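# Per-entry structural report
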Amino acid sequence: MASTSGWSHVLEQVKTWARANSPWLVHFNTGSCNGCDIEVLAVLTPRYDLERFGVKLKASPRHADVLVATGPVTRQARERLLQVYAQMSEPKFVVAVGSCALSGGAFRGCYNHMNGIDQVIPVNAYIPGCPPRPEAIIDGVVKLVSSLKASVAAAPASEAAPSGGPDA
Amino acid sequence: MEPRSETERFTVPIGPQHPALKEPGHFRISVEGEIVTQAAVRLGYAHRGIEKGAEGRNWIRNQYLVERICGICSHIHATAYCLGVERLAKVEVPPRAQVIRVLVAELERIHSHLLWIGVAGHEAGFDTLFMYSWRDREAIMDVLEALTGNRVNYSANVLGGVKCDVDDALRDTILRTVDGLEKRTEHYLRVVTTDALFLQRTRGIGVMTRAQAEVLGAVGPTARASGVERDVRVEAPYAAYPSFPVRIVTDTRGDLEARVVVRVRELFECYRLVREILDHMPPGELHGRMPRRIPEGETISRVEAPRGELFYFLKSNGSDTPERVRVRTPTVCNMTSVVRLVVGHQLADVPMILAGIDPCFSCNDRVIDVERKGRAAEQWTWEQLRAYGVDTYHGHRP
Amino acid sequence: MDTVRNFFALVLFPSGLFLLAASLIYEWVDRKLLAQFQNRIGPRWFQPFADVVKLLSKEEVVPRGGSSALFLGLPVIGLAAALTAALYVPLAGLAPSFSFTGDLIVTIYLLSVLTLCMGLAGSNTIGRFSLVGATRTLTQLFSYEAPFLLALLGPALVAGSWQISEISQYAQSHWLILTQPIGFIVAVIGLMGKLELPPFDAPEAETEIVAGALTEYSGRGLALFRLGKGVEMVIGLTLVAAFFLGGVATPLLFLVKTLGLLVVVAGLQALLARLRIDQTVGLWWRYGVLLVFVQWLLIVVLREVRL
Amino acid sequence: MRLGAMLGDILPSLFRAPVTELYPFTRREPPTRLRGLLHWDRESCTGCGMCATDCPSQAIELFTYDKKAKRFVFELHVDRCTFCGQCAVSCRQGSLALTKGNWELAAFDRGTLDLHFGEKEDVDRVLRGDLPQAAPTAEPAGG
Amino acid sequence: MPSPEQILQIVSELAASWTWKMETRQPEPNRIDVVLPSPADLVPFVVGLRVQRLGYLSTITGLDPGVDSGHLELLYHFCPGPAVINLRLTVPRDGARVPTLTEIIPSAESAEREVREMFGVTFDGLRNADPLYLPDDWPAGVYPLRKDFDGNGRLKLA
């Protein structure tokens, strides 16, 4: 028994290492003013270049692991946000960027939006700022990635792996 | 793959790679044979209820609410709002504050146009242009961060004046940055006017004649690219523009390439203005005394945002919260004018025309409905439109 | 004895594991060069390996609206075809493990099986973008396939045989890039068309059709397709280097020539904007084929004169 | 019309070091005026609450237990704060300032973004919900 | 482009020359307000402005003076060059009907659609029926920019 659990532990270790070292992003704007969106994109440009951490901005939610969501989730964008979130395959993470995504920011209380991403989908990391500097976004991503490594070391199966999962 | 046989609902992901988009549009286009006969736009994905929210907040808080309507032209929104409120309250703004407002507005125009050159490159699949233009743009972002404390939402304005000042050290860094950027902008001007593959996506696409631009009410660089001399900084100079005259940059061809060239040439105009401003900085304090209750009255404040004329209508009822704040952003005008322009064009050219006016859309998606005579409206994706365009070019139209 | 050698050749050395590792390294070199051209740092050396392992460990979502057997089978077939194509190619500077007369044609068609699989995979789902991506992949396949094949047949003509080993043997003594420059250019551009590298990346243009034929794929299927693409890049580079750049006699020569070619390919990727799919097709059929015929004409005329 | 107008950029950069700053490992000195996390100075504060009324996103709540003894609790909702600096302008005593040192505020739980400044036991009283009667900044309905 | 004073002069003459005098006010040096007696005068007056080449319509603003006032106010803002011309039109709160300008000024469509969905004013002849900004699931008959709609309240929609 020990060998198999030892072996599966090593397998788990390798999987976490891979997940931590190639976090593919999909970015979704749920009604933001574009301030955070241009900072999220600035993070890929030569001066900050997140590709050195393995980050790639993918267009399809199906390919991505981390959903970077900006904006206070307007009523019209709500159903589309749920769609994008559902399309992503496990394990998936959500990073809310900007004070609008956290709490509605300056638009807090206006009608027609949900006052933040976590009112609609579960959020793993919050990055305050209006807009957060590109370095602050990198800091958020790095913190999420390092917490990923720590979380698996502690509890091997973070969520109930879906039965159809590859490693079942 | 026959889109025409059955009606299918497609959604178009202009997708996360379109950062300059502020408000996703939903286009309804009806077609006869190949020519677009009717087109309409439906916004709404980024409607946050700002005008109603403004009625529930006091004048001071509204400035920051209004500043976050569009992240790329945040300063110009705050400036328009502050000018209007100061005119209502009949408060005299010190000249140095007005000049700093104009300085930050021009720096913001530089950052907005450089951003759009990158986005146009990215939309045309020219990622190197996107990477290099955004790398050079970082220099102006640093200047703005050093000057105001934030890269995008500067909050440099305060009711009655400005919060930040330009000291000598900052002045030298700004001048150095502007010199460096001027050389790079000359290089970009050469790139966008000579690179064969980029020109294939812009030259002769989406031509808008001068008459069309005027009738359809286009504003900003989109209108100036068709020869319409409409620039609020020249027609109705506000803040410190009377003492810093602006030379209008126009083009006559009115196609997509002209819109790119007008924006790049405007960058040179911005550099000249910034240098002129920094040479003639009037002394004085930064902001005057501002009452918390604004006397009753109405006023209109028009300014020139990077994408065109921005219109503010403010009405106060004497209390410390406004009665009505009306904001008309330039993109709504450009979008409705371009959607009108699309009528009569080839269906195959519609995608690049719409993407070419630097539309301010939040980057969710655009759904294009194609209504054919005598058949239920089909909704096509943007890409389906492009694929349809490909069939047109191939000539094997069914 | 023969079966053990074949098994070793297929699974371990020239094909199989070695080739997969080589394809990961070449993909890293390609991304690193592209980043360097764009003045940024680019990924770390183990990045493609991490990407593949992560994708393999992700949940595989099989969408409705298409046969799931086909959905799961296509990536495997594509990768298998690409791997078997490696057996006939002088990988790592060694003689190809198998060769028979006419294996050049077989290799080239084995290489296109992956593109066919991607086209099939795209049209196997109801997703709009994969449908559009599939048509674009197939349109592009039919446009660059002919000129690419003809360009590679140039050296075969001169060497007088259809066997890759003989052609590369012949090419070691003659630098065919000097005698057939046009053929070389068409071969390199054809290689970029086959690998769908920019400026020919219309089939997976991110801003237009999300990820083209692979939009619906996630997890294992996507990993296998990406590996297949990497393997094809390695084989393509070896073929072009072996034929035109004076053959790949030793592993060192193999490395130098293929990586040099990769620098040229990455430079072109960074330099050119994406061509619309109709422009790529127009470019290939008007200029690609024409250039290759001119090249052939030159070969035939030169051979007559010298004889 | 020529191919590859960007050649002048990409070739030299092949031999030049990339401009990328290795952020988490090498840190650039942020500009002096960077508007980072808000700092509240309890001594100079008089509990007037101007900052709370003028904050565009209702991120500040001020609870005054004893004006003379300066027993205030200053609650800052970092997730609502838009770092605009209006509170610093509205505060006549100048006890508020946006610091440039602290802007890496990413967190995993929104709860950790509610900061409370003040005396230890005052803060506990606020956390227990035992608020002073005249809380000047009652949250407008549905805030 | 004529100077602001000339523009204001032209407009006040135009307003005065109307069959029944239109009241004009000049609260600011570069602005003139023309009070239109009834919606029927809108289109002819706008045509008059366009003939004088002053017909650049910036936008249309809806105003709700208050629930008890019993009426709404529409402001048509024309901004030719430096001057601003406001056409003020009061309409009843419910069932207001105003002719559309889209025939002569196509760009008026987005402004009219916004006023229709925010204030409930119907524009006769406006072809495009779907909302511009409000979401699809917004209940009919609820007009957010009217004073009786509680902006800050959380209107619990489905």
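That block above? That's the structure.
The present account deals with the structure reproduced in this document. (Residues numbered from 1 in each chain as written. Chains lettered and ligands numbered in written order. Predicted model: local features only at pLDDT ≥ 70, side-chain atom pairs only at ≥ 80, totals over all residues. Heavy atoms only, no water.)

This next bit is on the overall build of chain E. Secondary structure assignment for chain E yields 3 helices and 7 strands. N-terminal to C-terminal, the α/β element order of chain E is α-β-β-α-β-β-β-β-α-β. For 158 residues, the compact-globule estimate of 2.2 N^0.38 gives 15 Å, and the C-alpha radius of gyration of chain E, at 17 Å, lies within 12% of that figure. Here the C-alpha coordinates of chain E stretch approximately 55 × 30 × 30 Å along the principal axes. Across the 158 residues of chain E, 57% fall into the buried class. Of the contacts formed within chain E by residues at least 6 apart in sequence, a portion of 49% connects residues at least 24 apart. (Helix = DSSP H or I, 4+ residues; strand = E, 2+ residues; numbered from the N terminus. Rg over C-alpha atoms; globule rule 2.2 N^0.38 Å. Buried < 20%, exposed > 50% of the residue type's maximum accessible area, 1.4 Å probe, protein only. Contact = heavy atoms within 4.5 Å.)

For chain A, the helix and strand inventory stands at 5 helices and 5 strands. Listing the helices and strands of chain A from first to last along the sequence gives α-β-α-β-β-α-β-α-β-α. Here chain A holds 168 residues, and 71% of them are scored as buried. Considering only contacts within chain A whose residues lie at least 6 apart along the sequence, 78% involve residues at least 24 apart. Total accessible area on chain A is roughly 4,900 Å²; 61% of this is exposed by carbon and sulfur atoms. (Areas by Shrake-Rupley, 256 points an atom, 1.4 Å probe, with all protein chains shown as cover.)

Turning to the sheet that holds strand β2 (residues 31-35) of chain E, a few remarks are in order. All names here are of chain E. The strand order β1-β2-β5-β4-β3 describes an open sheet built from 5 strands, whose pairing is mixed. Each having just a single partner strand, β1 (24-28) and β3 (57-63) make up the two edges of the open sheet. Neighbouring strand axes in the sheet, compared pairwise and without regard to direction, differ in orientation by 25° on average. Pairing analysis gives 3 bridges linking β1 to β2, with the strands arranged antiparallel. Bridging across to β2, Thr24 finds its partner in Val34. Of the strands in this sheet, β3 and β4 (71-78) touch helix α3 (residues 108-119), which is tilted by about 5° from β3. (Pairing = 2+ DSSP bridges. Axes fitted to C-alpha atoms, helices over the stretch in contact; angles between N-to-C directions.)

On to unusual backbone geometry, then. Note the cis peptide between A:Glu90 and A:Pro91, where omega equals -20°. Along the polypeptide, A:Pro91 turns up in the loop between α3 (75-87) and β4 (93-97). A positive phi is found at A:Val73, a non-glycine position, where the angle reads about 55°. Mapped onto the elements of the fold, A:Val73 is located in the loop between β3 (66-70) and α3. Overall, the relative accessible area of 0% leaves A:Val73 in the buried class. Backbone geometry places D:Phe83, a non-glycine residue, at a positive phi of 55°.

Bringing the interface of chain A and chain B into the picture now. Across the boundary between the two partners, chain A contributes 38 residues, which contact 45 residues of chain B. Taken together, the two surfaces of chain A and chain B that pack against each other cover about 3,400 Å², and 58% of this comes from carbon and sulfur. In this assembly, chain A and chain B are joined by 4 salt bridges. Measuring nitrogen to oxygen at the nearest pair gives 2.9 Å for the salt bridge that ties B:Glu138 to A:Arg47. The interface formed by chain A and chain B holds 11 residue pairs in polar contact (both at pLDDT 80 or more) in total. Those elements that place two or more of their residues in the side of chain A that touches chain B are β1 (24-29), α2 (35-42) and α3 of chain A. Top contributing element to the side of chain A that touches chain B by residue count: α2(A), with 6 residues. When grouped by side-chain class, the residues that make up the side of chain A that touches chain B number 19 nonpolar, 12 polar and 7 charged. (Buried area = accessible area lost by both parts, 1.4 Å probe. Salt bridge = Lys/Arg side-chain N within 4 Å of Asp/Glu carboxyl O. Polar contact = N/O pair within 3.5 Å; in protein donor to acceptor, adjacent residues only side chain to side chain. Nonpolar A, V, L, I, M, F, W, Y, C, P; charged D, E, K, R; others polar.)

This part takes up helix α7 (residues 164-173) of chain C. Residues and elements named next belong to chain C. Buried within α7 we find Ile164, Ser165, Ile167, Ser168 and Ala171. The buried side chains of α7 occupy one side of the element, clustering within an arc of 160° when seen end-on. In α7, those exposed residues whose orientation departs by more than 90 degrees from the buried face are Gln169 and Ser173. (Arc of directions from axis to C-beta.)

A separate point is the packing of aromatic side chains. Here the structure, examined in full by the defined rule, presents 18 aromatic pairs over all chains. Ring pairing ties together the aromatic residues A:Trp17, C:Trp45, C:Phe46 and C:Phe49, which thus form one cluster. Lying over the aromatic face of A:Trp24, C:Lys54 brings its terminal NZ or CZ to 3.7 Å of the ring centre. (Phe/Tyr/Trp six-rings, centres within 6.5 Å; stacked < 30°, edge-to-face > 60°. Lys NZ or Arg CZ within 6 Å of the ring centre and 35° of its normal.)

Residue and element names in this part refer to chain D. The buried count for strand β2 (residues 60-66) comes to 6 of 7 residues, which makes it a mostly enclosed element. Sheet topology note: the β2/strand β3 (residues 71-77) ladder contains 6 bridges and is antiparallel. Bridge pairing links Glu61 to Glu75 in β3. Remark: 4 residues form the turn of the hairpin made by β2 and β3, two consecutive strands paired antiparallel; Lys70 in that turn has positive phi of roughly 55°.

All right, on to the pattern of salt bridges then. Think of it this way: side chains of opposite charge can pair up when their charged atoms draw near. Taken as a whole and judged by the stated rule, the model has 77 salt bridges over all chains. Between C:Lys58 and A:Asp65 there is a salt bridge whose closest N-O contact spans 2.7 Å. With C:Lys58 in the loop between α3 (47-56) and α4 (68-85) and A:Asp65 in the loop between β2 (56-57) and β3, this residue pair bridges two chains. In this pair, the class of C:Lys58 matches that of A:Asp65, namely buried. Across the pair B:Glu55 and B:Lys52 runs a salt bridge whose closest N-O atoms are separated by 3.6 Å. Of this pair, B:Glu55 and B:Lys52 both sit in helix α1 (residues 50-55), separated by 3 residues, roughly a single helical turn. Of the residues examined, B:Glu55 reaches a relative accessible area of 13% and is grouped as buried. Linked through salt bridges whose partners overlap, the residues forming this network are A:Glu39, A:Arg47, A:Arg133, A:Glu135, B:Glu138, B:Asp142, B:Glu145, B:Arg151, D:Glu21 and D:Arg28.

Here the focus is the nonpolar core. In this structure, B:Leu107 and B:Ile110 are the most contacted members of the largest nonpolar core, which totals 219 residues. Setting aside anything within four residues of it in sequence, one finds B:Leu107 in contact with B:Ile140, B:Val143, B:Leu144, B:Leu147, B:Ile174 and B:Val274. If you look at the next biggest cluster of nonpolar residues, it comprises 46 residues, including E:Ala15, E:Leu42, E:Phe78 and E:Phe149. (Core = buried A, V, L, I, M, F, W, Y, C linked by side-chain atoms within 4.5 Å.)

Bear in mind that shape data such as this cannot, by itself, settle questions of function.
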